[in-house]
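Close look at the chain arrangement
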Amino acid sequence: MAERSYEVATVGELQDIDYRQNTHMRPVRHHFGISAFGTNAWTTENVGDRVMPEHEEDAGKEELYVVLDGRARFEIDGDVVDAPQGTLVFVRPGGNRTAFAEEPGTTVLAVGSTVGQPYEVGGWEMWAEFHPAYEAGDYEGVIEASREKVEASGYGGPLYNLACCESLAGRKEDAIGHLRAALDLRPSLRDLAKEDSDFDPVRDEPAFKELVG
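The structure presented is a predicted model; accordingly, all values stated were derived computationally and were not measured. (Residues numbered from 1 in each chain as written. Predicted model: local features only at pLDDT ≥ 70, side-chain atom pairs only at ≥ 80, totals over all residues. Heavy atoms only, no water.)

1. Section: the side chain of glutamate 57
With respect to the helices and strands, glutamate 57 occurs in the loop between β4 (50–55) and β5 (61–69). Taking the relative accessible area as the measure of exposure, glutamate 57 reaches 18% and is therefore buried. Only 2.9 Å separates the side chain of glutamate 57 from the side chain of histidine 55, close enough to count as a polar contact. Leave out the neighbours within four places in its chain, and glutamate 57 touches Glu63 and Arg97. (Helix = DSSP H or I, 4+ residues; strand = E, 2+ residues; numbered from the N terminus. Buried < 20%, exposed > 50% of the residue type's maximum accessible area, 1.4 Å probe, protein only. Polar contact = N/O pair within 3.5 Å; in protein donor to acceptor, adjacent residues only side chain to side chain. Contact = heavy atoms within 4.5 Å.)

2. Re the pairing of strand β8 (residues 88–91)
Across the two faces of β8 the burial differs, with Val89 and Val91 buried and Leu88 and Phe90 not buried at all. Inspection of the sheet shows β5 paired to β8 by four bridges, in the antiparallel sense. Residue pairing for β8: glutamate 63 is matched across the bridge by valine 91. (Pairing = 2+ DSSP bridges.)

3. Thoughts on the packing of aromatic side chains
Summed over all chains, the structure comprises seven aromatic pairs. Members of the aromatic cluster, each reached through a chain of ring pairs, are Tyr19, Trp42 and Trp124. (Phe/Tyr/Trp six-rings, centres within 6.5 Å; stacked < 30°, edge-to-face > 60°.)

In C-alpha coordinates, the structure reads:
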(Lines give C-alpha, C1' and ligand atoms only; values in the text may rest on other atoms or scores of the structure.)
Protein backbone atom coordinates (compact mmCIF):
# COMPACT_ATOMS: atom_id res chain seq x y z
CA MET A 1 0.00 0.00 0.00
CA ALA A 2 1.37 3.41 -0.97
CA GLU A 3 2.37 5.81 1.78
CA ARG A 4 -0.08 8.67 2.28
CA SER A 5 0.97 12.02 0.89
CA TYR A 6 -0.27 13.90 3.98
CA GLU A 7 -0.50 13.82 7.77
CA VAL A 8 -3.05 15.40 10.10
CA ALA A 9 -2.87 16.46 13.75
CA THR A 10 -4.43 19.01 16.06
CA VAL A 11 -2.26 21.34 18.12
CA GLY A 12 -3.61 19.75 21.29
CA GLU A 13 -2.35 16.33 20.23
CA LEU A 14 1.26 17.47 20.08
CA GLN A 15 3.72 17.23 22.95
CA ASP A 16 3.29 20.10 25.42
CA ILE A 17 6.79 21.33 26.30
CA ASP A 18 7.36 23.65 29.27
CA TYR A 19 9.77 26.19 27.83
CA ARG A 20 11.46 29.42 28.87
CA GLN A 21 9.65 32.24 30.68
CA ASN A 22 6.73 29.94 31.60
CA THR A 23 5.70 29.33 28.00
CA HIS A 24 4.32 26.18 26.38
CA MET A 25 5.56 25.07 22.98
CA ARG A 26 4.09 22.42 20.67
CA PRO A 27 6.77 21.07 18.27
CA VAL A 28 4.93 21.13 14.94
CA ARG A 29 7.97 20.80 12.67
CA HIS A 30 9.44 17.94 14.70
CA HIS A 31 6.10 16.13 14.90
CA PHE A 32 5.65 16.02 11.14
CA GLY A 33 9.33 15.77 10.23
CA ILE A 34 9.17 18.97 8.17
CA SER A 35 12.55 19.84 6.67
CA ALA A 36 11.81 22.89 4.47
CA PHE A 37 10.96 25.45 7.17
CA GLY A 38 10.61 25.87 10.91
CA THR A 39 7.20 25.96 12.57
CA ASN A 40 5.91 25.53 16.11
CA ALA A 41 2.77 26.41 18.05
CA TRP A 42 2.61 28.29 21.33
CA THR A 43 -0.33 27.63 23.65
CA THR A 44 -1.75 29.24 26.78
CA GLU A 45 -4.46 28.51 29.33
CA ASN A 46 -5.24 31.82 31.03
CA VAL A 47 -5.47 35.52 30.28
CA GLY A 48 -2.07 37.11 30.92
CA ASP A 49 -0.05 34.00 30.17
CA ARG A 50 3.02 34.67 28.07
CA VAL A 51 2.55 33.11 24.63
CA MET A 52 6.21 32.92 23.64
CA PRO A 53 9.49 34.01 25.24
CA GLU A 54 10.80 37.49 24.60
CA HIS A 55 13.53 37.13 22.01
CA GLU A 56 15.20 38.26 18.82
CA GLU A 57 15.69 35.69 16.07
CA ASP A 58 19.06 34.90 14.51
CA ALA A 59 20.35 37.29 11.85
CA GLY A 60 18.33 37.16 8.66
CA LYS A 61 15.47 35.09 10.04
CA GLU A 62 11.92 36.13 9.19
CA GLU A 63 8.91 34.89 11.15
CA LEU A 64 5.17 34.91 10.58
CA TYR A 65 2.84 34.46 13.55
CA VAL A 66 -0.72 33.25 12.99
CA VAL A 67 -3.26 33.59 15.82
CA LEU A 68 -5.19 30.32 15.60
CA ASP A 69 -7.36 30.72 18.72
CA GLY A 70 -8.14 33.43 21.24
CA ARG A 71 -6.55 36.86 21.16
CA ALA A 72 -2.91 37.84 21.63
CA ARG A 73 -1.16 41.07 22.55
CA PHE A 74 2.16 41.24 20.73
CA GLU A 75 4.93 43.51 21.98
CA ILE A 76 7.42 44.20 19.18
CA ASP A 77 10.25 46.71 19.52
CA GLY A 78 8.23 48.65 22.08
CA ASP A 79 5.01 48.68 20.05
CA VAL A 80 1.83 46.90 21.16
CA VAL A 81 -0.16 45.00 18.52
CA ASP A 82 -3.65 43.69 19.20
CA ALA A 83 -4.08 40.36 17.42
CA PRO A 84 -7.49 38.64 17.55
CA GLN A 85 -8.09 35.21 16.05
CA GLY A 86 -7.10 35.10 12.37
CA THR A 87 -4.49 37.86 12.64
CA LEU A 88 -1.16 37.51 10.81
CA VAL A 89 1.87 39.22 12.37
CA PHE A 90 5.08 39.31 10.31
CA VAL A 91 8.32 40.20 12.13
CA ARG A 92 11.46 41.07 10.18
CA PRO A 93 14.95 40.01 11.23
CA GLY A 94 16.22 41.69 14.39
CA GLY A 95 12.84 42.62 15.83
CA ASN A 96 12.49 42.00 19.55
CA ARG A 97 9.18 40.25 20.18
CA THR A 98 6.95 38.52 22.70
CA ALA A 99 3.21 38.07 23.16
CA PHE A 100 0.63 37.58 25.90
CA ALA A 101 -2.81 35.96 25.95
CA GLU A 102 -5.75 38.35 26.03
CA GLU A 103 -8.25 35.46 26.03
CA PRO A 104 -8.10 31.98 27.60
CA GLY A 105 -6.71 29.30 25.32
CA THR A 106 -4.88 31.66 23.00
CA THR A 107 -2.78 29.71 20.49
CA VAL A 108 -0.26 31.12 18.04
CA LEU A 109 1.49 29.31 15.18
CA ALA A 110 4.98 30.53 14.27
CA VAL A 111 6.52 29.87 10.85
CA GLY A 112 10.03 31.00 9.96
CA SER A 113 13.19 30.58 7.94
CA THR A 114 16.34 32.50 7.06
CA VAL A 115 16.38 34.82 4.06
CA GLY A 116 18.49 33.55 1.16
CA GLN A 117 19.52 30.29 2.81
CA PRO A 118 18.25 26.72 2.63
CA TYR A 119 16.54 25.70 5.84
CA GLU A 120 18.80 23.77 8.22
CA VAL A 121 17.05 21.43 10.64
CA GLY A 122 18.64 22.08 14.02
CA GLY A 123 16.41 19.98 16.25
CA TRP A 124 16.15 22.66 18.93
CA GLU A 125 12.56 21.63 19.62
CA MET A 126 13.81 18.26 20.85
CA TRP A 127 16.11 20.04 23.31
CA ALA A 128 13.46 22.52 24.48
CA GLU A 129 12.15 20.38 27.35
CA PHE A 130 15.66 20.24 28.87
CA HIS A 131 16.54 23.90 28.39
CA PRO A 132 15.01 25.28 31.63
CA ALA A 133 17.13 22.84 33.69
CA TYR A 134 20.22 23.89 31.71
CA GLU A 135 19.49 27.55 32.46
CA ALA A 136 19.08 26.64 36.15
CA GLY A 137 22.54 25.05 36.16
CA ASP A 138 21.36 21.49 36.71
CA TYR A 139 23.85 20.07 34.25
CA GLU A 140 24.00 16.58 35.73
CA GLY A 141 20.21 16.40 35.74
CA VAL A 142 20.05 17.43 32.10
CA ILE A 143 22.68 14.86 31.13
CA GLU A 144 20.86 12.01 32.83
CA ALA A 145 17.44 13.03 31.49
CA SER A 146 18.44 13.84 27.92
CA ARG A 147 21.40 11.68 26.91
CA GLU A 148 19.58 8.66 25.51
CA LYS A 149 17.03 10.77 23.63
CA VAL A 150 19.63 13.17 22.26
CA GLU A 151 21.96 10.43 21.07
CA ALA A 152 19.09 8.78 19.20
CA SER A 153 17.80 12.02 17.66
CA GLY A 154 20.29 12.43 14.84
CA TYR A 155 20.30 16.22 15.40
CA GLY A 156 23.53 18.17 15.73
CA GLY A 157 22.08 20.98 17.86
CA PRO A 158 20.93 18.86 20.81
CA LEU A 159 24.21 16.90 20.73
CA TYR A 160 26.06 20.22 20.92
CA ASN A 161 23.96 21.30 23.89
CA LEU A 162 24.54 17.98 25.63
CA ALA A 163 28.28 18.46 25.12
CA CYS A 164 27.97 21.91 26.73
CA CYS A 165 26.35 20.39 29.81
CA GLU A 166 28.98 17.66 30.02
CA SER A 167 31.76 20.21 29.77
CA LEU A 168 30.26 22.29 32.57
CA ALA A 169 29.74 19.15 34.68
CA GLY A 170 33.40 18.16 34.33
CA ARG A 171 32.76 15.23 32.00
CA LYS A 172 35.50 16.19 29.57
CA GLU A 173 35.69 12.96 27.55
CA ASP A 174 31.93 12.79 27.06
CA ALA A 175 31.79 16.47 26.13
CA ILE A 176 34.42 16.14 23.42
CA GLY A 177 32.83 12.94 22.08
CA HIS A 178 29.40 14.50 21.76
CA LEU A 179 30.82 17.73 20.33
CA ARG A 180 32.59 15.66 17.68
CA ALA A 181 29.30 13.95 16.80
CA ALA A 182 27.52 17.33 16.68
CA LEU A 183 30.08 18.82 14.31
CA ASP A 184 29.91 15.78 12.03
CA LEU A 185 26.17 16.38 11.68
CA ARG A 186 26.26 20.17 11.62
CA PRO A 187 29.71 21.61 10.78
CA SER A 188 28.42 25.19 11.06
CA LEU A 189 28.48 24.78 14.86
CA ARG A 190 32.28 24.77 14.85
CA ASP A 191 32.51 28.57 14.84
CA LEU A 192 30.07 28.77 17.75
CA ALA A 193 32.11 26.25 19.75
CA LYS A 194 35.25 28.35 19.33
CA GLU A 195 33.70 31.19 21.35
CA ASP A 196 31.20 29.34 23.57
CA SER A 197 32.12 29.82 27.25
CA ASP A 198 30.39 26.52 28.08
CA PHE A 199 33.48 24.85 26.66
CA ASP A 200 35.97 26.80 28.78
CA PRO A 201 36.54 23.72 31.02
CA VAL A 202 37.77 21.72 28.00
CA ARG A 203 39.24 24.52 25.91
CA ASP A 204 42.85 23.52 26.64
CA GLU A 205 42.27 19.86 25.85
CA PRO A 206 44.19 18.81 22.70
CA ALA A 207 41.14 16.94 21.37
CA PHE A 208 38.99 20.07 21.67
CA LYS A 209 41.59 22.22 19.91
CA GLU A 210 41.75 19.67 17.10
CA LEU A 211 37.96 19.72 16.72
CA VAL A 212 37.50 23.47 16.51
CA GLY A 213 40.69 24.18 14.57
